[in-house]
Amino acid sequence: MEQNKVSLTELDASNWYECCQLNVSKEQEAFIESNAISIAQSKFETTLRLYGISLNEKIVGFLMFNTVKEELDGYWIYRIMVDKNYQGKGIAKLAVQLLISKIAELPDANKVIVGYHPDNQAAHHLYTSIGFVDNGDRFGKEMAVIKNLE
């Protein structure tokens, strides 16, 4: 898949509902909040930024990250999902790489962190393939993996 076919589209009044209609597979539902819940969360946590993941200008996924540093002194990716009909095509990997480039432009960006349930094998494979490392950090039911940017 060519990189220029996958892009990040800032969520706004014209496209947020498209993201609400995207779904993960039944097996993945236990691992991630709905996009509607994430969009609602962003209205109260105003440092969160939301993007649609586009494939050839069609929104096929969603992601959300924080623009301020948090635990482990890094920027956290809160959500990433690709609709069940578009999974397995490398879209999530390209989207995370694009997001890491955006995060790298933030003040004092030296690491990106993402948390996920240890049983989520798809997330484990994705983040390991991009170079995230598990240093044993745990937050509730989630493990946190880190990618150093320096």
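In this text the structure is predicted, and so the values were computed from the model without any measurement.

Visitor: Looking at this structure, I do not really get the overall build of the protein. What am I missing?
Guide: When helices and strands are counted, the protein shows 4 helices and 7 strands. Its helices and strands in sequence order give the protein the pattern β-α-α-β-β-β-α-β-α-β-β, from N to C terminus. In terms of overall dimensions, the protein is globule-like: its C-alpha atoms have a radius of gyration of 14 Å, near the 15 Å expected for 150 residues. Within the protein, the proportion of its 150 residues that are buried is 43%. Intrachain contacts of the protein at a sequence separation of at least 6 include 62% that bridge at least 24 residues. Split by element, the accessible area of the protein, about 8200 Å² in all, is 48% carbon and sulfur. Charge-centre separation for the protein: the mean point of 15 positive side chains lies 4 Å from the mean point of 20 negative side chains.

Visitor: Is there a simple way to explain the pattern of salt bridges in this structure?
Guide: Oppositely charged side chains are able to pair whenever their charged atoms sit close together. Counted according to the given criterion, the structure contains 4 salt bridges. Residue Lys 26 is joined to Glu 29 by a salt bridge in which the shortest nitrogen-to-oxygen separation is 3.6 Å. Classification of Lys 26 by relative accessible area gives exposed; the value is 66%.

Visitor: It is not clear to me how the sheet that holds strand 1 (residues 6-10) should be interpreted in this structure. Could you clarify?
Guide: Neighbouring strands of a sheet are bound in pairs by backbone hydrogen bonds; such pairs are parallel or else antiparallel. Within the open sheet, the 7 strands sit side by side as 1-2-3-4-5-7-6. Their pairing is mixed. Taken across any chain shown, the strands that pair with only one partner, and hence form the sheet edges, are strand 1 and strand 6 (133-139). When the angles between neighbouring strand axes are averaged without regard to direction, this sheet yields 35°. Across the sheet, helix 2 (residues 35-44) touches strand 2 (48-55), strand 3 (58-66) and strand 4 (75-82), and the angle it forms with strand 3 is around 45°.

Visitor: Just to check I follow, could you spell out the side chain of Arg 79 for this structure?
Guide: Within the element layout of this structure, Arg 79 appears in strand 4. Look at Arg 79: it is buried, it has no salt bridge, and the nearest opposite charge is Glu 33 at 5.2 Å. Engagement of the side chain of Arg 79 in a polar contact is seen with the side chain of Ser 38, the distance being 2.8 Å. There is a polar contact of 2.9 Å between the side chain of Arg 79 and the side chain of Gln 41.

Visitor: Looking at this model, I keep getting lost on the packing of helix 3 (residues 91-103) against helix 4 (residues 121-130). Mind explaining?
Guide: Geometrically, a packed helix pair is captured by the angle between its two axes and the distance between the axes. Interhelical geometry of helix 3 versus helix 4 gives an angle of 50° and a closest axis separation of 10 Å. When the interaxial angle is binned, helix 3 and helix 4 end up oblique. In this structure, the crossing between helix 3 and helix 4 has a hand that is right-handed. Counted together, Ala 92, Lys 93, Val 96, Gln 97 and Ile 100 of helix 3 and Leu 126, Tyr 127, Ser 129 and Ile 130 of helix 4 form the full contact between these two elements.

What counts, and at which threshold
- Residues numbered from 1 in each chain as written.
- Predicted model: local features only at pLDDT ≥ 70, side-chain atom pairs only at ≥ 80, totals over all residues.
- Heavy atoms only, no water.
- Helix = DSSP H or I, 4+ residues; strand = E, 2+ residues; numbered from the N terminus.
- Rg over C-alpha atoms; globule rule 2.2 N^0.38 Å.
- Buried < 20%, exposed > 50% of the residue type's maximum accessible area, 1.4 Å probe, protein only.
- Contact = heavy atoms within 4.5 Å.
- Areas by Shrake-Rupley, 256 points an atom, 1.4 Å probe, with all protein chains shown as cover.
- Lys, Arg positive; Asp, Glu negative; His and termini not counted.
- Charge placed at Lys NZ, Arg CZ, Asp CG, Glu CD.
- Salt bridge = Lys/Arg side-chain N within 4 Å of Asp/Glu carboxyl O.
- Pairing = 2+ DSSP bridges.
- Axes fitted to C-alpha atoms, helices over the stretch in contact; angles between N-to-C directions.
- Polar contact = N/O pair within 3.5 Å; in protein donor to acceptor, adjacent residues only side chain to side chain.
- Parallel < 35°, antiparallel > 145°, perpendicular 65-115°, else oblique.
- Left-handed = near helix turned anticlockwise from the far one by under 90°.

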